[in-house]
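Spelled out from the first residue to the last, the chains are:
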Amino acid sequence: MQKHTVSMHFVGAAVAGLSGEARARVLASAGIPADLLATPHARVPAESFSALWLAVNRELDDEFFGLDRRRMKCGSFALLCHAVLHAGTLERALRRMLRGFAVFLDDVRAELRVEGRDAVVVVTNGIADASARRFADETFLIMVHGLMCWLAGRRIPLTTAEFAHPRPPYAQEYTVMYSQRLRFDAERTAIRFDAQLLALPIRQTASSLKTFLRTAPQSVFLKYTNEESWTARLRRRLRRSIGQLEWPRLEDVAREFHVAPTTLRRRLDAEGTSYQGIKDELRRDAAVHHLCGTRLSVAEIAATLGFQETSAFHRAFKRWSGVQPGEYRRRQAELAPRSDDAPSAPASARG
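Residues numbered from 1 in each chain as written. Predicted model: local features only at pLDDT ≥ 70, side-chain atom pairs only at ≥ 80, totals over all residues. Heavy atoms only, no water.

Visitor: Please clarify how the state of the cysteines should be interpreted in this entry.
Guide: Defined simply, a disulfide is a covalent bond joining two cysteines at their sulfur atoms. Summed over all chains, the structure comprises zero disulfides. Sulfur of Cys 74: no disulfide; nearest cysteine sulfur belongs to Cys 81 and is 14 Å away. A relative accessible area of 38% means that Cys 74 is categorised as partly exposed. Not engaged in a disulfide, the cysteine Cys 149 finds its nearest cysteine sulfur in Cys 81; these two sulfurs lie 13 Å apart. Residue Cys 149 is classed as buried on the basis of its relative accessible area of 2%. (Disulfide = S-S within 2.5 Å. Buried < 20%, exposed > 50% of the residue type's maximum accessible area, 1.4 Å probe, protein only.)

Structure (structure tokens):
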């Protein structure tokens, strides 16, 4: 089973608009230790981030994290999904979707343009604070693109994603979230894709919408990852090695893929990844899963992930997350007893 994790940068951005008490409450309800906020390289399971997203929404009665002057009240996204479900084609659904967001939000809006062979969703963002403006762009594009992919029943590959803000320290996350081709300090924030895809029919039904909303927001930000890329193919192959004593070499995988090792390296490099980088990401995500969700010892986890020495795993995990694996697990264990008892709060918990 694929275990995704989410960068702590997004956890911090999601709770930035909350008061201290509310912040502690939502983090506890999602099972995320509050002191990890001071560790920017740390990661949390995707399920925890999904729970945090919903908890913040409930605290603020705002599905847009309190970023916009106008609250996007809870239930707005579901209403928007119902509104676009019977649009017929992706183009009509996308135009209707963007009009809907314009009704719900004041500071952030977007329009669809066709520029030659490209369909372009151009975002206009009037939020003053730079960090909040960046997170609003990130969240808006995730919601729009995630809903587009779900409606079409397939991933809509983004040829380019450009951002008006500078390159953030966690920009590598964008290659998974949006596209392998990124531009920063651009004149505008926008995503591009093949305009021919606008003619795709809507594949979803009222029944599938219930499932989609029941699993949101995780179904929005994770469901349609790029499974056709060389990166995804390599991830699928290497994932089978988790739990094995030895991992295949790049040369072994290239032979299985019927390409030369230099060709595989070049294609991975074009997608902004590498063999070692993907191997480390898989080990990192699996380590977080085992530390949070199993009783395996640190030594057993190290062996499961193919580390011949536990000390090497300690060093690797510290490099990945900023803390030692035992410390990461201890923080989770300290949080667990009170996570089920976290009280609910009124929607006025904004900081």
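Let us keep going from here.
Visitor: Help me understand the packing of helix α11 (residues 250-257) against helix α12 (residues 261-270), please; the structure alone is not making it clear to me.
Guide: Two quantities define a packed helix pair, namely the angle between the helix axes and the distance between the axes. Interaxial distance between α11 and α12 falls to 8 Å at its minimum, and their mutual angle equals 95°. Of the possible angle classes, the one that applies to α11 and α12 is roughly perpendicular. Of the residues in α12, those touching α11 at Leu 250, Glu 251, Val 253, Ala 254 and Phe 257 are Pro 261, Leu 264 and Arg 265. Here the contact of α11 with α12 is composed, by residue class, of six nonpolar, no polar and two charged. (Axes fitted to C-alpha atoms, helices over the stretch in contact; angles between N-to-C directions. Helix = DSSP H or I, 4+ residues; strand = E, 2+ residues; numbered from the N terminus. Parallel < 35°, antiparallel > 145°, perpendicular 65-115°, else oblique. Contact = heavy atoms within 4.5 Å. Nonpolar A, V, L, I, M, F, W, Y, C, P; charged D, E, K, R; others polar.)

Visitor: I'm lost on the pattern of salt bridges in this one. Help?
Guide: Between side chains of opposite charge, pairing is possible as soon as their charged atoms come close. Tallied over the full model, the rule gives 20 salt bridges. Between Asp 61 and Arg 71 there is a salt bridge, with its nearest N and O atoms 3.1 Å apart. Within this pair, whereas Asp 61 is found in the loop between α3 (46-60) and α4 (76-84), its partner Arg 71 is found in the loop between α3 and α4, the two being separated by 10 residues in sequence. By relative accessible area, which is 21% here, Asp 61 ends up partly exposed. Overall, the relative accessible area of 34% leaves Arg 71 in the partly exposed class. Among the charged side chains, a salt-bridge network with shared partners connects Glu 115, Asp 118, Glu 162, Arg 183, Arg 188 and Arg 192. (Salt bridge = Lys/Arg side-chain N within 4 Å of Asp/Glu carboxyl O.)

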